[in-house]
Amino acid sequence: QAQLVESGGGLVQHGGSLRLSCTTSGLILSIYGMNWYRQAPGAERELVAAISSSGGTTNYADSVKGRFTISRDNVNNTVYLQMNSLKPEDTAVYYCHADRTVMHKYFEYWGQGTQVTVSS
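Structural notes, computed from the coordinates. (Residues numbered from 1 in each chain as written. Predicted model: local features only at pLDDT ≥ 70, side-chain atom pairs only at ≥ 80, totals over all residues. Heavy atoms only, no water.)

### A word on the overall build of the protein chain
For clarity, the threshold we go by: Starting at the N terminus, helices and strands are each numbered in turn, a helix being any DSSP run of H or I of at least four residues and a strand any DSSP run of E of at least two. C-alpha atoms define the radius of gyration, and 2.2 Å times the number of residues to the power 0.38 defines the globule rule. Categorising residues by exposure relies on relative accessible area from a 1.4 Å probe, with only protein chains included: less than 20% of the type maximum marks a residue as buried, more than 50% marks it as exposed, and the intermediate range marks it as partly exposed. Here a residue-residue contact requires only that any non-hydrogen atoms of the pair lie within 4.5 Å.
Helix and strand counts for the protein chain come out as zero helices and 11 strands. For the protein chain, the N- to C-terminal ordering of α and β elements is β-β-β-β-β-β-β-β-β-β-β. For 120 residues, the compact-globule estimate of 2.2 N^0.38 gives 14 Å, and the C-alpha radius of gyration of the protein chain, at 14 Å, lies within 12% of that figure. A principal-axis box enclosing the C-alpha atoms of the protein chain has dimensions of 45 × 30 × 25 Å. Counting all 120 residues of the protein chain, 39% fall into the buried class. A sequence separation of at least 24 residues applies to 54% of the contacts in the protein chain between residues at least 6 apart.

Okay, here's the thing in structure tokens:
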């Protein structure tokens with residue numbers, strides 16, 4: 001069974017930094033696109049950052065462009081989200097997500113989430 005485990009969340013002041021890690025097991029990470037989502041209280045889950053299976057392509061939500069960086073280490077089965085210049089509106093539970101489409105079948109896995117709280 002595939003497992004995704006997030007870590008690195010916590011409480012940080014406005015303008016601070018955190019690095020989230022997503023450690024995976026039970027899947028071949030190099031064939032999955034990887035994503036970070038977040039969900040704030042009372043809000044829908046939103047896509048924050050995405051990285052292709054090779055790491056060659058990344059995409060970011062407009063709200064985090066220039067502040068967040070997604071990266072991956074396929075050898076060590078880990079995906080990262082470096083978050084700089086954090087703002088109170090970045091407060092949310094952050095989720096790691098893996099997905100791939102094979103012959104019209106969609107596969108996806110979710111982590112349990114890690115809380116990020118940014119104080120003003």
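The rest of the description comes next.
### Topic: the sheet that holds strand S1 (residues 3–7)
Note: strands within a sheet are paired through backbone hydrogen bonds, in either parallel or antiparallel orientation. Heads up, the rule is: The criterion for strand pairing is that DSSP finds at least two bridges linking the strands in question. All axes here are fitted lines through C-alpha atoms, helices being fitted over the stretch that makes contact, and every angle between N-to-C directions spans 0 to 180 degrees.
If you walk across this open sheet you meet the four strands as S1-S3-S8-S7, and the pairing is antiparallel. Edge positions in the sheet fall to S1 and strand S7 (68–73), since each has one partner strand and no second. Geometrically, the sheet is characterised by an average inter-axis angle of 15 degrees between neighbouring strands, direction not taken into account. Bridge count between S1 and strand S3 (residues 18–25): five bridges; the pairing is antiparallel. Looking across to S3, one finds that Val-5 is bridged to Thr-23.

### Overview of the packing of aromatic side chains
Under the convention used in this document: In this scheme Phe, Tyr and Trp rings, the latter by its six-membered ring, pair at centre separations within 6.5 Å, and the angle between planes marks the pair as stacked below 30 degrees, edge-to-face above 60, and tilted otherwise. Charges are assigned to positions over rings by a cutoff of 6 Å between ring centre and Lys NZ or Arg CZ, combined with an angular limit of 35 degrees from the ring normal.
A full pass over the atoms with the stated rule returns three aromatic pairs. The interplanar angle of 55 degrees and the centroid separation of 4.9 Å between the aromatic rings of Tyr-37 and Trp-110 together place this pair among those described as tilted. One end of the pair, Tyr-37, is in strand S4 (residues 33–39); the other, Trp-110, is in strand S10 (residues 105–110), and 73 residues separate them in sequence. Assessed through its relative accessible area of 34%, Trp-110 is described here as partly exposed. Pairing Tyr-95 with Trp-110 gives two aromatic rings, centres 6.4 Å apart and planes at 85 degrees, and the pair type is edge-to-face. Of the two residues, Tyr-95 is situated in strand S9 (residues 92–102) and Trp-110 in strand S10; the sequence distance between them amounts to 15 residues. Judged by relative accessible area, which is 13%, Tyr-95 ranks as buried. Through pairs of rings, three or more aromatic residues link up here, namely Tyr-37, Tyr-95 and Trp-110. Across from the ring centre of Tyr-32, 5.5 Å away, lies the NZ or CZ of Arg-100, which sits over that ring.

In short, geometric facts, not functional conclusions.
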